[in-house]
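Architecture at a glance
Single-letter residue listing:
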Amino acid sequence: MTQTKELFAAAYNIRRHAYAPYSNFAVGAAVLGNNGKIYTGTNVENISYPCGTCAEQAAIAEMIGNGCREIAEILIIADTAEPITPCGACLQRIKEFAGTQTIVHLANLNGIIKSLNFNDFLPLAFNNREVQK
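Description of the structure in this document. (Residues numbered from 1 in each chain as written. Predicted model: local features only at pLDDT ≥ 70, side-chain atom pairs only at ≥ 80, totals over all residues. Heavy atoms only, no water.)

**Quick notes on unusual backbone geometry**
Under the convention used in this document: Secondary structure elements are taken from DSSP: a helix is a run of H or I of four residues or more, a strand is a run of E of two residues or more, and numbering for both begins at the N terminus.
One non-glycine residue, asparagine 24, lies in the positive phi region at around 55 degrees. With respect to the helices and strands, asparagine 24 occurs in the loop between α1 (2–15) and β1 (27–33).

Right, here's the structure in full:
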């Protein structure tokens, strides 16, 4: 449970640094790698909106850039009553590095609202093992 609290705090804090002048919708993400380290990301928009970087994408990129290749848990946070879910592109990004036990936590600013196994989100995702055949 301690790591879940740390994930929440990391996502909560990075969300404050979002660059979202076009949508005014700040999102934070924190990834717990299977190495036990936490990686964070926030959304970064640009004038060619909606072209930009999602929070999940940024957190996964930080994880990969630091040599970790598997997500144990990921937490996504936004200032909403109901939790937001990753977009389709981010679901596929998570799948690329998800293990069979990867947990996705959905949160608002008050705390975690729902936690699910990643396969509950995208049970029929593209599978990188299919591509490698």
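**Comments concerning the environment of asparagine 43**
Applicable threshold: Burial classification: accessible surface area is computed with a 1.4 Å probe over protein chains only, and a residue below 20% of its type maximum counts as buried, one above 50% as exposed, and the rest as partly exposed. The contact rule is simple, with two residues in contact once any of their heavy atoms fall within 4.5 Å.
Tracing the chain through its elements places asparagine 43 in the loop between β2 (38–42) and β3 (44–45). Accessibility expressed as a relative area gives 8% for asparagine 43, which makes it buried. Apart from the residues within four sequence positions on either side, asparagine 43 is in contact with Ala18, Tyr19, Ala20, Phe25, Ala26, Val27, Thr53, Cys54 and Ala55.

**Focus: the side chain of arginine 15**
The condition is simple: When charges are counted, Lys and Arg contribute as positive and Asp and Glu as negative, whereas His and the chain ends are disregarded. Any Lys or Arg side-chain nitrogen found within 4 Å of a carboxyl oxygen on Asp or Glu counts as a salt bridge.
With respect to the element layout, arginine 15 can be found in helix α1. One buried charged side chain, arginine 15, makes no salt bridge at all; its nearest oppositely charged neighbour is aspartate 79, positioned 4.3 Å away. Each residue touching arginine 15, except ones within four places of it in the same chain, is listed here: Ala26, Val27, Gly28, Thr42, Ile77, Ala78, Asp79 and Leu109.

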